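Each chain, written out:
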Amino acid sequence: MNFSVSSYSYSKYQNEGHSLWEIIDIASKQGFDAIEFTDLPEIDGMTEIEVAKKAKEQCGGLGLAVSAYTVWADFLKGDAEKEAERLKRKLDVCAELGADKMRHDATWVKGLDFEEALPKVAKAAAEVADYAETLGIKTMTENHGMFFQDSDRMERLFKAVGRDNYGLLIDMGNFLCVDEDPVSAVERLKNYAIHVHAKDFYIHKGEIADPKGYYRTRHGNYLKGTVIGRGDVNVYKCLDILAKNGYDDYVTVEFEGDEDCLPAVKEGLEYLKKTAEKLTL
C-alpha cells in the first residue's frame, strides 16, 4: 500500500493563513507518497485550472504524486443535469492535476425516498463517468452525506451506475455517521473500492445528550474526529479486509479532529505504516 494525505486534513493550518503551496511542501516533508486535493480554490487571480497546473508542477518537483481530486457535489439539490455538467469541468481540473481518479458526492439532501432518488443520482453519475472515460479518469462516490452513506445503498448505487471506470471511495470512518459498523461495511464493499480514506472517530453512545465537541449520528449516537489509531474505528481490520482482497492502491489520511493538525496527520501516517506491516496477506 502507498499512503496519501487529503489537503482537507490541513484545513486548520490553512485557516491560520498558510497557503496551498505550503501544504504541498508539508505533505512531502511528512513522508507521504501522494497528496489528494479537495476543491481547489482560485488563488491570486489564477483560475482553478491554473492552480491545478501549478500544484502539479510543485508536486512533480517534490516527487509527490497526486492520488485523486475530491469535489463536492449534490445531484438532488437542484438540476441534476446542470450538476453533471459542472462536474465535467471539475474533471478537466482533475486531468490538469495529473490525477487518474475524481471523487464526487451523491447528495446532501435528506429525507427523500431512496427508491426515487437512486435512478436520478445513478443517471447523473453515469454521465459524469462517461466524460471522465474520455480523459482516462475513473470517477467514484464516497460514503458521504447521510443519505447515500450506508453500505447497502452504496452497493446499489455502484451497480446502478454500471460503468467500468466508476467505483467507490471507501471512507472507513464515515460509516459511523449512519451507525454502521465499519468492518462489516468494508467487507460488503471491498470489491468496489478504487480509493480508500483512513479516518478515526471517538464514539459516544446516545445516553447523554449533546456531549461537548461531538456531533450527532443518524440514530442519535455521537462522534468526534481524532487522530488515526486513537479512536474507535478498527483501522487494522478494515485495511486487512481490503489488502486480502487485493487492494494495493493509495490509502489516504483524512483528519478532522480537534488536535493540532500537523502532528496529528504525521501520527496518523506512522500508525498506518505500522499497521500495514502487520497485515496478513
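Before reading on, note that the structure itself is shown above.
Presented here is a report on the structure given in the accompanying data block. Please read all numbers here as calculations on a predicted model, not as lab measurements.

Here is what the cut-offs are and how they apply
- Residues numbered from 1 in each chain as written.
- Predicted model: local features only at pLDDT ≥ 70, side-chain atom pairs only at ≥ 80, totals over all residues.
- Heavy atoms only, no water.
- Helix = DSSP H or I, 4+ residues; strand = E, 2+ residues; numbered from the N terminus.
- Rg over C-alpha atoms; globule rule 2.2 N^0.38 Å.
- Buried < 20%, exposed > 50% of the residue type's maximum accessible area, 1.4 Å probe, protein only.
- Contact = heavy atoms within 4.5 Å.
- Arc of directions from axis to C-beta.
- Core = buried A, V, L, I, M, F, W, Y, C linked by side-chain atoms within 4.5 Å.
- Phe/Tyr/Trp six-rings, centres within 6.5 Å; stacked < 30°, edge-to-face > 60°.
- Lys NZ or Arg CZ within 6 Å of the ring centre and 35° of its normal.
- Pairing = 2+ DSSP bridges.
- Axes fitted to C-alpha atoms, helices over the stretch in contact; angles between N-to-C directions.
- Parallel < 35°, antiparallel > 145°, perpendicular 65-115°, else oblique.
- Left-handed = near helix turned anticlockwise from the far one by under 90°.
- Nonpolar A, V, L, I, M, F, W, Y, C, P; charged D, E, K, R; others polar.
- Right-handed = clockwise from strand over helix to strand, strands pointing away.

**Examining the overall build of the protein chain**
Within the protein chain one finds nine helices and eleven strands. Relative to the compact-globule value of 19 Å for 281 residues, the protein chain shows a C-alpha radius of gyration of 18 Å, a close match. Taking the principal axes of the C-alpha coordinates as reference, the protein chain spans close to 50 × 45 × 40 Å. With 281 residues in all, the protein chain has 54% of them scored as buried. A separation threshold of at least 6 residues defines the contact pool for the protein chain, and within that pool the share at least 24 residues apart is 79%.

**Some points on helix α6 (residues 151-161)**
Taken together, the buried positions of α6 are occupied by S151, M154, E155, L157 and V161. For α6, the buried positions fall inside an angular range of 160° around the axis, keeping them on one side. Check the buried side of α6 and you find it contacts α5 (114-134), β5 (138-142), β6 (166-171) and α7 (182-189). G162 sits one or two residues past α6 and shows a positive phi near 60°.

**Here's the deal with the nonpolar core**
Within the largest apolar cluster, 91 residues are counted, with the highest numbers of intra-cluster contacts made by F37 and F148. In terms of residues, this core owes the most to one element, α5, which gives eleven residues. Ignoring anything within four residues of it in the chain, the contact list for F148 reads A106, T107, F114, A117, L118, V121, N143, R153, M154 and L157.

**Structural notes on the packing of aromatic side chains**
Given two aromatic rings, one states the distance between the centres and the angle between the planes to describe the pair. The full count for this structure, using the stated rule, is six aromatic pairs. Taking 6.3 Å as the distance between ring centres and 25° as the angle between the ring planes, the aromatic pair formed by F158 and Y166 counts as stacked. By relative accessible area, which is 3% here, Y166 ends up buried. Clustering of aromatic rings is evident, with ring pairs tying together F114, F147 and F148. Across from the ring centre of W21, 4.4 Å away, lies the NZ or CZ of K54, which sits over that ring.

**Some details on the sheet that holds strand β10 (residues 222-226)**
Strand order in this open sheet of three strands is β8-β10-β9, and the pairing throughout is antiparallel. Bordering the open sheet on either side are β8 (200-204) and β9 (215-216), each of which pairs with just one other strand. Here β8 runs beside β10; their pairing, made up of five bridges, is antiparallel. Bridge pairing links D200 to T226 in β10.

**Re the sheet that holds β6**
Spatial strand order, β1-β2-β3-β4-β5-β6-β7-β11: eight strands in a closed barrel with parallel pairing. When the angles between neighbouring strand axes are averaged without regard to direction, this sheet yields 30°. Relative to β6, β5 runs parallel, the two being bridged by four bridges. Considered in β6, the bridge of E142 is made with L169. The sheet contacts of helix α4 (residues 80-97) involve β2 (34-38), β3 (65-71), β4 (101-104) and β5, and relative to β3 the element is tilted by about 165°.

**So, the packing of α5 against α6**
Packing of α5 against α6 brings their axes to within 9 Å, and their N-to-C directions diverge by 50°. Taken as axis vectors, α5 and α6 run oblique relative to one another. Crossing handedness for the pair α5 and α6: right-handed. Touching F114, E115, L118, V121, A122, A125 and A126 of α5 are R153, R156, L157, A160 and V161, all from α6. Grouping the constituent residues of the contact of α5 with α6 by class yields nine nonpolar, no polar and three charged.

**Let's talk about the pairing of β5**
For β5, a buried count of four out of five residues is recorded, marking the element as mostly surrounded by other parts of the structure. Pairing geometry for β4 and β5, over four bridges, is parallel. Along β5, the bridge assignment pairs K101 with K138. What joins β4 to β5 is α5, and the crossover it makes is right-handed. With α6 bridging β5 and its parallel neighbour β6, the resulting β-α-β unit is right-handed.

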